Amino acid sequence: MAGPAEFVPNSTLGDALVILGAAGIVIPLFTRFRITPVIGFILVGMLVGPFGLGGAVGERPWLAYVTISDPARLGPFAEFGIVLLLFSIGLELSFARLWQMRRTIFRLGAMELIGCAVLIALVLMALGNSAPTAFALGLALALSSTALVLRIADTGTPVGRAALGMLLFEDIALVPIIFLLGAMGRGDNVPEIGEFLAVAGRGALVLGALLVFGRLGLQRLFAQAARTKSPELFLAASLLVVIIASLVTGAAGLSPIVGALIAGLLIAETEYHAEVEAMIEPFKGLALGVFLLTVGMSLDLGMVWDRAGELAVAVVLVFCAKALVTGLLLRLDGARTATATEAGILLASPSETTLIVLTTAISVGLIRRDAAQFWQIVTAIGMTVTPILAIAGRWLARRVDLAGVAPPRLDGEEARTIIVGFDRVGRLIADMLRRHDQPYVAIDLDADQVARGLKQGYAIGFGDATREGTLDRLGLASAKAVVLTMDEPVLAQRLVRKLRARFPDLPIIARARDANHAAALYRAGASTAVPQTLEGSLQLSEAVLVDVGVPMGFVIASIHEKRDEFRARIKEQGELDAKPKLKSASLRERAG
């Protein structure tokens, strides 16, 4: 009788231990500090890979238990992560929305890819590369990372929509790019034009078959799975659909991610898409983590150190060329300057598909192997800093908006209430002030919120309350009160502390996340801190108690008691002299 399997380091089981351990450390740690886990996974990959601690296994065998010496074993899982990402993107889209985006995909996407490739190629030719080599590198480096960008960007925003359209075109163009390089190449594996047309024909037939099957069969498949009331079967059906779609498009010569996207779009047309999306999410996150680990493992730190100057110049040139072309095209297409700036910077780094194109260029003799290795490291570095580019793009976009939008104009010198943050809470406060003819002025860092507010007649402008002088220009010295509605706990505390130090008697009303945050705001100097979840929870509890038959008098008494518990906790943690008023008694309570 066979005994239990022995745990062998640097085996598939050992790799799984490292991956799950990395996920268990990286995701909570980076989420706590509000940093995207993308950076964490890449850094862990650098640490445990063959160019990090994995390279020291020969000298210290115990490191084999916590490192991965053969990243190639993770390749299928990394590819699966990208497939699931495109599948989930398809679930969020629909054919109608895709049709609405056709201009961005096929017009702007094509212009962006060709423009970036040509500009990079011209720079490389100026540095001494031949035209075919420069053009091959230009096409490879012009591609942007679908896996990283769409993980970071919100496709519901103008920046996210622009990025999605351009990235979709790049994914569609991957197969034509590979055949184009083959036609330009000097190797033994140069495809004929007939082969390209055959692949295009097979791809069209496969996509047509997927669309027909999706329209006729998916509804019945998921209906049968749902009737069993078995979440395991439902999950199996979802994974089966995405894997089959990816396999058939891959077999036809197209990229598997095209099949995954089509599968997502087809399921999005059914009423089961929300359940499928919820079930796929954990698998997508973990598989994408594996992909990011492989990116970090591909960084040869020794070569990076030896050629740091050349690599830095190459990375900067690629970033500048792509950001310039993408930003200009979006601006010429009518996008706001801030949107064009942020999208250009976000799409500036190369991608995982760059590595595929570089491999093809090597096989057809367009690029030497040592030169390709250099650009592979440039690609890995670029992907590593993509989250930092996203942060830099948002920061620069805010600066552009701040420079381009005038602060709200103030009529006269009367004292006003200043509202910092204009989401639904800030908007409601402004409505109530207007109803009672109380002057106010609001600012927000979201230019879209500002534009909507201005169209609706609100006294609002674009501004960063944390910048020196911004609130002073709004009449802070004579303000009746300052209301902070932003959902940024640390930022709110800092602003309260700063305002209280300057104006000891100024009423400062702040929105708090919970009782603990309210206590922190009181310690910082807030006059009133209102926990946003507390009153809603108490009102919900009151409704539940009444509906289950508890007499109203007992309900009101218990709500008072619970509210008083929170008041006592905030008093103690906030170091207050008296319990804060969380809510004025309602008319019903007064009447009772």
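Above this note sits the structure.
Residue positions within a chain follow its written sequence, with the count starting from 1. With the structure being a predicted model, the display of local features is reserved for residues of pLDDT at least 70 and the display and counting of side-chain atom pairs for 80 or more, all residues being used for whole-chain, interface and lining totals. Each side-chain value is derived from all of the structure's non-hydrogen atoms; neither hydrogens nor water enter the calculation.

Colleague: So, the pattern of salt bridges: which residues are in play, and what are the values?
Modeller: Salt bridges, as used here, are contacts in which a Lys or Arg side-chain nitrogen is within 4 Å of a carboxyl oxygen on Asp or Glu. Summed over the entire model, instances satisfying the criterion amount to seven salt bridges. When the shortest N-O distance is used, the salt bridge between E310 and R307 registers 2.9 Å. Take E310: its relative accessible area is 44%, and that puts it in the partly exposed class. Residue R368 pairs with D370 through a salt bridge whose shortest N-O separation is 3.2 Å. Residue class for D370 comes out partly exposed when judged on its relative accessible area of 45%. Working definition: with a 1.4 Å probe on protein chains only, accessible area under 20% of the residue-type maximum means buried, over 50% means exposed, and in between means partly exposed.

Colleague: Describe unusual backbone geometry, and please don't skip the residues or the numbers.
Modeller: Residue D437 is not a glycine yet carries a positive backbone phi of 55°. On the basis of relative accessible area, D437 is assigned to the exposed category, the value being 66%.

Colleague: Describe the pairing of strand β4 (residues 481-484), naming the residues involved and giving the relevant values.
Modeller: Every second residue of β4 is oriented toward a common face, with A481 and V483 on one face and V482 and L484 on the other, all of them buried. In this sheet, β4 lies alongside strand β1 (residues 417-420) in parallel orientation, the contact comprising four bridges. Its bridge partner lying in β4, T417 is registered against A481. Relative to strand β5 (residues 508-512), β4 runs parallel, the two being bridged by three bridges. Residue V483 lies in a different strand from β5, and its bridge partner there is I509. Consider the strands pointing away from the viewer: the crossover is right-handed when the path from the first strand over the helix to the second runs clockwise. Only runs of H or I of at least four residues qualify as helices and only runs of E of at least two qualify as strands under DSSP, and these elements are numbered from the N terminus. Taken together, β4, helix α21 (residues 489-502) and β5 constitute a β-α-β crossover, and its handedness is right-handed. By definition, two strands form a pair when at least two bridges between them are found by DSSP.

Colleague: Please provide a residue-by-residue account of α21, values included.
Modeller: The span one expects for a helix is its residue count, reduced by one, times 1.5 Å. Under the 1.5 Å per step criterion, the end-to-end length of α21 is 20 Å for 14 residues, consistent within 8% with the ideal 20 Å. For α21, every residue scored as buried is listed here: P489, A492, L495, V496, L499 and R500. Each buried residue of α21 lies within a common arc of 130° when the element is viewed along its axis, so the set occupies one face. Along α21, the residues that are exposed and aim more than 90 degrees away from the buried face are R494 and A501. Directions pointing from the helix axis toward each C-beta atom define the arc.

Colleague: Please provide a residue-by-residue account of the packing of helix α5 (residues 102-126) against helix α14 (residues 308-332), values included.
Modeller: Look at α5 against α14: their axes get within 9 Å of each other, and the N-to-C directions meet at 145°. Judged by the twist between their axes, the crossing of α5 over α14 is right-handed. Of α14, the residues touching α5 (which contributes L108, M111, E112, G115, C116, L119, I120 and V123) are L317, A321, K322, L324, V325, T326, L329 and L330. In this classification, Asp, Glu, Lys and Arg are treated as charged, Ala, Val, Leu, Ile, Met, Phe, Trp, Tyr, Cys and Pro as nonpolar, and every other residue, Gly included, as polar. Taken together, the residues of the contact of α5 with α14 break down into 12 nonpolar, two polar and two charged. Interaxial angle, 0 to 180 degrees, is taken between N-to-C directions of lines fitted to C-alpha atoms, where a helix line uses only the stretch in contact. By definition, any crossing whose near helix is turned counterclockwise from its far helix by less than a right angle is left-handed, and any crossing with a clockwise turn is right-handed. Here a residue-residue contact requires only that any non-hydrogen atoms of the pair lie within 4.5 Å.

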